[in-house]
Amino acid sequence: MIVRAECEFHLPLSHSLKDKRSVLKRVLTRVKQKYNVSAAETDYQDKWQRTIIELVSAASDYAAAEIEIKRAISLMESFPEWEPVAAEIERL
C-alpha cells in the first residue's frame, strides 16, 4: 500500500536559493534517515522562500504507511527555519 503527501512550506528567513537549498538538504536528509519515506522537492525550485515537498511511503497496509508519513510531516514541521503552509495526504 502506498501513501503520498504533498507539503508546502514558507521559508521567511531565506534570502537566496543557496539558503533554501541548505535548509532543504538538511531537513530531507534527516527525514529520510529517520523514517521509511522517500522525499523530494517537487515544485518552486526557482523560488527562494517557498517549496513543495512530496513524501511517499510504502508498507504492507495503509495504516503503517500513513503513520510514517504523519511522523515525517511532524518532524519537518518542527524545524524553525520554515513555516508549514499546507499538507495533503492521499492513499494510492
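Just so it is clear, the structure is predicted and the values come from calculations on it, not from any experiment. (Residues numbered from 1 in each chain as written. Predicted model: local features only at pLDDT ≥ 70, side-chain atom pairs only at ≥ 80, totals over all residues. Heavy atoms only, no water.)

J.: Could you give an account of the sheet that holds strand S2 (residues 38-43), naming the residues involved and the relevant values?
T.: By way of backbone hydrogen bonds, the strands of a sheet pair with one another, either parallel or antiparallel. Taken in spatial order, the 4 strands of this open sheet run S2-S3-S1-S4, and their pairing is antiparallel. Both edges of this open sheet fall to S2 and strand S4 (83-91), since each of them pairs with a single strand only. Within this sheet the neighbouring strands show an average axis-to-axis angle of 20°, counted without direction. When strand S1 (residues 2-10) meets strand S3 (residues 50-58), the two strands line up antiparallel, connected through 9 bridges. Along S3, the bridge assignment pairs Glu8 with Ile52. Docked against the sheet, helix H2 (residues 62-77) engages S1, S3 and S4, running at close to 15° with respect to S1. (Pairing = 2+ DSSP bridges. Helix = DSSP H or I, 4+ residues; strand = E, 2+ residues; numbered from the N terminus. Axes fitted to C-alpha atoms, helices over the stretch in contact; angles between N-to-C directions. Contact = heavy atoms within 4.5 Å.)

J.: Explain the pattern of salt bridges residue by residue, including any values.
T.: One pass over the full model with this rule turns up 9 salt bridges. Here Glu6 ties to Arg4 by a salt bridge, and the two come within 3.2 Å at their closest N and O atoms. On the basis of relative accessibility, which here comes to 28%, the residue Glu6 falls in the partly exposed class. The residue Arg26 makes a salt bridge to Glu81 at a minimum N-O spacing of 2.5 Å. On the criterion of sequence distance, the pair formed by Arg26 in helix H1 (residues 17-34) and Glu81 in the loop between H2 and S4 is long-range, its members being 55 residues apart. Taking relative accessible area as the criterion, Glu81 reaches 24% and is therefore assigned partly exposed. Linked by salt bridges that have partners in common, Arg4, Glu6, Glu54 and Glu90 make up one network. (Salt bridge = Lys/Arg side-chain N within 4 Å of Asp/Glu carboxyl O. Buried < 20%, exposed > 50% of the residue type's maximum accessible area, 1.4 Å probe, protein only.)

Geometric values such as these leave the question of function open.
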